[in-house]
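Given next are the chains, with one letter for each unit.
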Amino acid sequence: MDISHVILYAIVPIIVVMLAGFISGKKGVFSGEDAKKFNKVVLDFALPAALFVSIVQASREDLVKDIKLTIVSAIGIMACFMAVYFIFKYCFKKNTGADAAVSALISGSPTIGFLGFAVLEPIFGTSPSVALVVAIVGIVVNAIGIPVGLSLMNASLEKQNPGSTKKESAWKPVIHALEQPVAWAPILAVVWVIVGIPWPGYLSPSFDLIAKANASMAVFSAGVTLSAIKISIDWQAVLGSIMKMIVMPAVVLILGLLFHMDAFNLKMLVVAAALPPAFSGIIIADEYDTYVATGTSSLTLSVILFIGFCPLWIWITDVVLNSGAIA
């Protein structure tokens, strides 16, 4: 794959739009509260529409081929998620379990909802395969990662201050995650394909109009969000970036080779794993006033590093695949 194409068509546009959001935030045109509203449009409307209309145009054969993608995504991402949690909990004495949980929600999760389509489509094209990667990784992050992270965080907060948190069912975070459009929309689309209901092509334009706003609004909102946070780089922020930008893509690549994944899907999954940390982790950190400064610094550093690591991981994956690692 031509690395110059990746840089010009995937990286540079993201930098330009994110920089526009950052500058508008610094000038006071938009605030952090505005960014939250933009994020809601993306996560509740634009992204679900993009996922649904792309997946329903896939075939059953595509879904069968993507079973390995689902397995590798779940194992790889959640293994890294838990690794971040335990490393940050036991290797840094000042960290509480809640701090470690937030660090896992940030450095153990890719921001697939905000940058997935913006990065993958310019590189790999517009196809149901791209949407399935975004959907599957999104479901792992939102329906597994976030509930696990919240459970770990609430358990730690309850231990520190008994009675400070409400006793809730362990399944409540999972159910809440699955109630979000970004989770149930792709699941509904997969069921639609499995059942074998033909998708009327004339309905696609109604979804496409809002779906096309997904990537641009998500990236612009990310810029506004970054403008509202204070950056202070320390060793934890650096380690978080290493775990996210180096360890997670490497783990996913190795697992993909072991499971003999489809080469095209593996390349997309590695790039998805190399995406910067999940912005949802910052939102949760701010809501609970836990690990905000270090988490946001790690996020910012990872966004900058992604400019170089995205083409690097594409090159590494190409070299590995061309060496005959997947027959």
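Residues numbered from 1 in each chain as written. Predicted model: local features only at pLDDT ≥ 70, side-chain atom pairs only at ≥ 80, totals over all residues. Heavy atoms only, no water.

Undergrad: Honestly, the overall build of the protein in this entry has me stumped. Any pointers?
TA: On a plain count of helices and strands, the protein comes out with 15 helices and 0 strands. For 327 residues, the compact-globule estimate of 2.2 N^0.38 gives 20 Å, and the C-alpha radius of gyration of the protein, at 19 Å, lies within 12% of that figure. Along the first, second and third principal axes, the C-alpha set of the protein runs to 55 × 40 × 40 Å. Considering only residue pairs separated by 6 or more positions, the protein has 87% of its internal contacts joining residues 24 or more positions apart. Taken as a whole, the protein presents about 14,600 Å² of accessible surface, with 69% of it coming from carbon and sulfur. One finds the centroid of the 19 positive side-chain charges in the protein at a distance of 6 Å from the centroid of its 19 negative side-chain charges. (Helix = DSSP H or I, 4+ residues; strand = E, 2+ residues; numbered from the N terminus. Rg over C-alpha atoms; globule rule 2.2 N^0.38 Å. Contact = heavy atoms within 4.5 Å. Areas by Shrake-Rupley, 256 points an atom, 1.4 Å probe, with all protein chains shown as cover. Lys, Arg positive; Asp, Glu negative; His and termini not counted. Charge placed at Lys NZ, Arg CZ, Asp CG, Glu CD.)

Undergrad: Whenever I open this one, unusual backbone geometry confuses me. Can you help?
TA: Across the chain, the bulk of peptide bonds are trans and the bulk of non-glycine residues have phi less than zero. Although it is not a glycine, His 260 adopts a positive phi angle of roughly 55 degrees. Tracing the sequence through the fold places His 260 in the loop between helix H12 (235–258) and helix H13 (263–273).

Undergrad: What's the story with the environment of Ala 135 in this structure? I'm lost.
TA: If you trace the backbone, Ala 135 turns up in helix H7 (residues 128–160). Between the C-alpha atom of Ala 135 and that of Thr 317, which follows or precedes it by 182 residues, the distance is 22 Å. With residues up to four places along the chain from it excluded, the contact list for Ala 135 reads Leu 51, Ile 55 and Pro 186.

Undergrad: So what exactly am I meant to see when it comes to the pattern of salt bridges here?
TA: The tally for this structure, following the rule as stated, stands at 3 salt bridges. Between Lys 267 and Asp 318 there is a salt bridge whose closest N-O contact spans 2.9 Å. Residue Lys 267 is found in helix H13, and its partner Asp 318 is found in helix H15 (residues 292–322); the two are separated by 51 residues along the sequence. The exposure class of Lys 267 is buried, given its relative accessible area of 15%. (Salt bridge = Lys/Arg side-chain N within 4 Å of Asp/Glu carboxyl O. Buried < 20%, exposed > 50% of the residue type's maximum accessible area, 1.4 Å probe, protein only.)

Undergrad: Can you walk me through the packing of helix H2 (residues 32–55) against helix H9 (residues 181–195) in this structure?
TA: A packed helix pair is summarised by two numbers, namely the angle formed by the two axes and the spacing between the axes. It is the contact of H2 with H9, at a shortest axis distance of 8 Å, that shows an interaxial angle of 15 degrees. Compared by their axis directions, H2 and H9 come out roughly parallel. The crossing of H2 and H9 is right-handed. Across from Leu 43, Asp 44, Leu 47, Pro 48, Leu 51, Phe 52 and Ile 55 in H2, the residues of H9 making contact are Pro 181, Val 182, Ala 185, Pro 186, Leu 188, Ala 189, Val 190, Trp 192 and Val 193. Here the residues of the contact of H2 with H9 are counted per class, giving 15 nonpolar, no polar and 1 charged. (Axes fitted to C-alpha atoms, helices over the stretch in contact; angles between N-to-C directions. Parallel < 35°, antiparallel > 145°, perpendicular 65-115°, else oblique. Left-handed = near helix turned anticlockwise from the far one by under 90°. Nonpolar A, V, L, I, M, F, W, Y, C, P; charged D, E, K, R; others polar.)

Undergrad: Looking at this structure, how should I read the packing of H2 against helix H6 (residues 112–124)?
TA: Interaxial distance between H2 and H6 falls to 10 Å at its minimum, and their mutual angle equals 45 degrees. Judged by the angle between their axes, H2 and H6 are oblique. Both H2 and H6 take part in a crossing whose hand is left-handed. Packed against H2, whose contacting residues are Asn 39, Val 42, Leu 43, Leu 47, Ala 50 and Leu 51, the element H6 presents Gly 113, Phe 114 and Phe 117 at the interface. Split into classes, the residues belonging to the contact of H2 with H6 amount to 7 nonpolar, 2 polar and no charged.

Undergrad: Looking at this structure, how should I read a nonpolar patch on the surface?
TA: A surface patch of nonpolar side chains, amounting to about 460 Å² of accessible area, comprises Ile 7, Leu 8, Tyr 9, Val 12 and Val 16. Within the element layout of this structure, Val 16 appears in helix H1 (residues 3–26). (Patch = residues over 30% accessible without salt bridge, like charges linked within 9 Å, V, L, I, M, F, W, Y side chains within 5 Å.)

Undergrad: Honestly, H6 in this entry has me stumped. Any pointers?
TA: Since the α-helix packs 3.6 residues into each turn, any two residues three or four apart lie on the same face. Here H6 contains 13 residues, and its C-alpha end-to-end distance of 15 Å is more than 12% below the 18 Å for a straight helix at 1.5 Å per residue. Of all 13 residues making up H6, 11 are buried, and the element is well covered by its neighbours. Restricting attention to buried positions, one finds in H6 the residues Ile 112, Gly 113, Phe 114, Leu 115, Gly 116, Phe 117, Ala 118, Val 119, Leu 120, Ile 123 and Phe 124. Positioned one or two residues after H6, Gly 125 has a phi angle of 90 degrees, which is positive. (Expected span 1.5 Å × (residues − 1).)

Undergrad: What am I meant to see in the packing of aromatic side chains here?
TA: Using the criterion set out here, one finds 12 aromatic pairs in the structure. Here Trp 199 and Phe 207 contribute two aromatic rings whose centre-to-centre distance is 5.7 Å and whose plane-to-plane angle is 65 degrees, an arrangement assigned as edge-to-face. Assessed through its relative accessible area of 15%, Trp 199 is described here as buried. The class for Phe 207 is partly exposed, based on a relative accessible area of 26%. (Phe/Tyr/Trp six-rings, centres within 6.5 Å; stacked < 30°, edge-to-face > 60°.)

Undergrad: Looking at this structure, I do not really get the nonpolar core. What am I missing?
TA: A general tendency of soluble globular proteins is for nonpolar side chains to be buried together. Residues Phe 117, Val 119, Ile 123, Val 134, Val 137, Met 153 and Cys 310 are the most contacted members of the largest nonpolar core, which totals 95 residues. Broken down by element, this core gets its largest block of residues, 14 residues, from H7. (Core = buried A, V, L, I, M, F, W, Y, C linked by side-chain atoms within 4.5 Å.)

Undergrad: I would appreciate a short explanation of the confidence of the model for the protein in the present structure.
TA: Predicted coordinates in areas of low pLDDT are best not read in detail. Across the protein, pLDDT averages 85, with 93% of residues at or above 70. Between the elements of the protein, mean pLDDT differs from a low of 68, seen in helix H8 (residues 172–178), to a high of 95, seen in H13. (pLDDT = per-residue confidence, 0-100.)

Undergrad: Honestly, H12 in this entry has me stumped. Any pointers?
TA: Here H12 spans 33 Å end to end across 24 residues, near enough to the 34 Å set by a 1.5 Å rise per residue. The axis of H12 is deflected most strongly, by about 35 degrees, at Val 247, and proline Pro 249 appears within four residues downstream. For H12, the N-terminal capping position is held by Asp 234, with its side-chain oxygen 3.2 Å away from the main-chain nitrogen of Gln 236. Positive backbone phi, approximately 55 degrees, marks His 260, located one or two places after H12. (Bend = angle between axes of the 7 residues up to and from the residue. Polar contact = N/O pair within 3.5 Å; in protein donor to acceptor, adjacent residues only side chain to side chain.)

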